Amino acid sequence: RRVQDSFPVCGIHDCSRVDYTSTGFRIAGARDFFVDVRVYNDGVAGGTGKISLDNPSSQVLYGSGNFGNLELVQGEVDLAGNPTINGSLTTLSGDLRVLDHTLTLNGPSIQGAATNMHTTLGSSLVFGGDVAGVQIPASVAQLKSLTLNNSHGANLNTGLTLAGSL
């Protein structure tokens, strides 16, 4: 099946039997986009809509691109890149494992079940932006490095072991 340079994506489409080696989607405005496969983002997925990762088992988030709003609905999501989230990060029943990567959060505190974010001594977190009241979840007990670039700071909700720098 051949995909043209641009085409409208409306409604629900099952692409499970289509193999695209390189496909780009432009999500404009306040549209939401639901994904239950691997996600590659080396660009910008911004706007006021959200990308929802919804797979009952596991997914991998590749790349070091920018997201507007990202939602983990269910399952486990492993980072395999260093993404930046400029809006809201919401974890419902899904677990986000930062692993040995850097996650940059430029928006408000993690929404939903914030303690579903897990880090290791190889993980790095960067809190940027200009939002007051940002909370670092109690599940973040160990990090390689922590960077606070938020003009209002951030509140730590548990003891923290740092393998690197603050």
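Residues numbered from 1 in each chain as written. Predicted model: local features only at pLDDT ≥ 70, side-chain atom pairs only at ≥ 80, totals over all residues. Heavy atoms only, no water.

Attention shifts here to the overall build of the protein chain. Of regular secondary structure, the protein chain possesses zero helices and 16 strands. At a minimum sequence separation of 6, the contacts of the protein chain that also span at least 24 residues come to 9%. Counting every atom, the protein chain has about 9,300 Å² of accessible surface; 48% of that belongs to carbon and sulfur. (Helix = DSSP H or I, 4+ residues; strand = E, 2+ residues; numbered from the N terminus. Contact = heavy atoms within 4.5 Å. Areas by Shrake-Rupley, 256 points an atom, 1.4 Å probe, with all protein chains shown as cover.)

The next thing to look at is the confidence of the model for the protein chain. Of all residues in the protein chain, 70% have pLDDT values of 70 or greater, and the mean over the chain is 77. Per-residue pLDDT, averaged within each element of the protein chain, yields its smallest value for strand 1 (residues 33–35) (47) and its largest for strand 11 (residues 124–127) (97). Segment residues 31–38 is flagged for pLDDT under 50; beyond a separation of four residues in sequence, or across chains, it makes 21 contacts in the model. (pLDDT = per-residue confidence, 0-100.)

Among the surface-exposed residues, L148, L162 and L166 lie close enough to one another that they form a single nonpolar patch of about 290 Å² accessible area. Mapped onto the elements of the fold, L148 is located in strand 14 (residues 145–148). Given a relative accessible area of 39%, L148 falls into the partly exposed group. (Patch = residues over 30% accessible without salt bridge, like charges linked within 9 Å, V, L, I, M, F, W, Y side chains within 5 Å. Salt bridge = Lys/Arg side-chain N within 4 Å of Asp/Glu carboxyl O. Buried < 20%, exposed > 50% of the residue type's maximum accessible area, 1.4 Å probe, protein only.)

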